[in-house]
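A structural walkthrough
The primary structure of each chain is shown beneath.
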Amino acid sequence: MRAMKNIVILISGRGSNMEAVVRAAQAEQWPARIAAVISNKADASGLAFAAGMGIATAVVPSNQFASRAEFDAALQQAIDVYSPDLVVLAGFMRILTAPFVAHYAGRMLNIHPSLLPAFPGLATHRQALEAGVAQHGATVHIVTAELDHGPVLAQAAVDVLPGDTEATLAARVLVQEHVLYPRAIRQFIDGQQGR
Ligand code: GRF
């Protein structure tokens, strides 16, 4: 067992969940380091935060590969430079191929902005409003081959309020995501320690 775990975080954009994880790891002195933040988009604004924290960053531009298989192979190579114990998807907006998912089986987590199994896929806040549910939220799950379907590790719920729009609901869920994801990752790492 290695004392310090290596975490690689994948983002596509803003990276506010990544930021919450980085800050929690530092504040709580996790037995883990954020070894790298990797984006499939060169203009992901989260990259600047990571670099500013002294974290290695890389871009594997998904729009410059002819196929999903070639992109995933390049991404896997970029990730494995850091010998990750855990790969954390944080707003990483890509459908992953089965071989890529298999390579990180049991050590790749995702956060999805709904109470899975409700509303997998995109536009979850709109889906929730259209369905008229009383509660909505976020789910942390282990990544498996089927999109947004892996074993659930943790969930956080919020009430849907009268007058909610996609934006107000998304903002209320995001506050919960920033608490939920670091906590779930921390628990997952602690559970790995015995291995
Ligand atoms: C979050 O709502 C996350 O659950 C979803 O995409 C959003 C990403 O936000 N997958 P950020 O990039 O972490 O700020």
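Above this note sits the structure.
Residues numbered from 1 in each chain as written. Predicted model: local features only at pLDDT ≥ 70, side-chain atom pairs only at ≥ 80, totals over all residues. Heavy atoms only, no water.

With respect to the overall build of the chain
Applicable threshold: In DSSP terms, a helix is any run of H or I states spanning at least four residues, a strand is any run of E spanning at least two, and both are numbered starting from the N terminus. Our radius of gyration is a C-alpha quantity, and the globule rule it is checked against amounts to 2.2 Å times the number of residues to the power 0.38. Think of it in three bands: residues with accessible area under 20% of the maximum for their type are buried, residues over 50% are exposed, and the middle band is partly exposed, with areas taken using a 1.4 Å probe on protein chains only. Throughout, a residue-residue contact means that at least one pair of heavy atoms, one from each residue, lies within 4.5 Å. The Shrake-Rupley method, run with a 1.4 Å probe sphere, supplies the accessible areas, and residue values consider only the shown protein chains as cover. Charge assignment in this entry is limited to Lys and Arg as positive and Asp and Glu as negative, and neither His nor the chain termini are counted. Where a charge sits is defined by one atom per residue type, namely NZ (Lys), CZ (Arg), CG (Asp) or CD (Glu).
Regarding its fold elements, the chain presents six helices and seven strands. A compact globule built from 195 residues would reach a C-alpha radius of gyration of about 16 Å, and the chain, at 16 Å, matches this within 12%. Across its three principal directions, the C-alpha atoms of the chain cover 50 × 40 × 30 Å. Residues counted as buried form 47% of the 195 residues belonging to the chain. Sequence-distant contacts, at least 24 apart, represent 63% of the contacts inside the chain between residues at least 6 apart. Counting only carbon and sulfur atoms, one obtains 55% of the accessible surface of the chain, whose full area is about 9,100 Å². Each charge class in the chain can be summarised by its mean position, and for the 14 positive and 15 negative side chains these summaries are 6 Å apart.

Quick notes on unusual backbone geometry
That bond from Leu-116 to Pro-117 is cis: its omega, 15 degrees, falls within 30 degrees of zero. Among the structural elements, Pro-117 can be located in the loop between strand 5 (108–112) and helix 5 (124–131). Phi angles above zero are rare outside glycine, and Gln-29 is one such case at about 50 degrees. Not every positive phi belongs to a glycine, and Phe-119 is a case in point at roughly 55 degrees. Of note, Phe-119 is situated in the loop between strand 5 and helix 5. For Phe-119, a relative accessible area of 15% puts it in the buried group.

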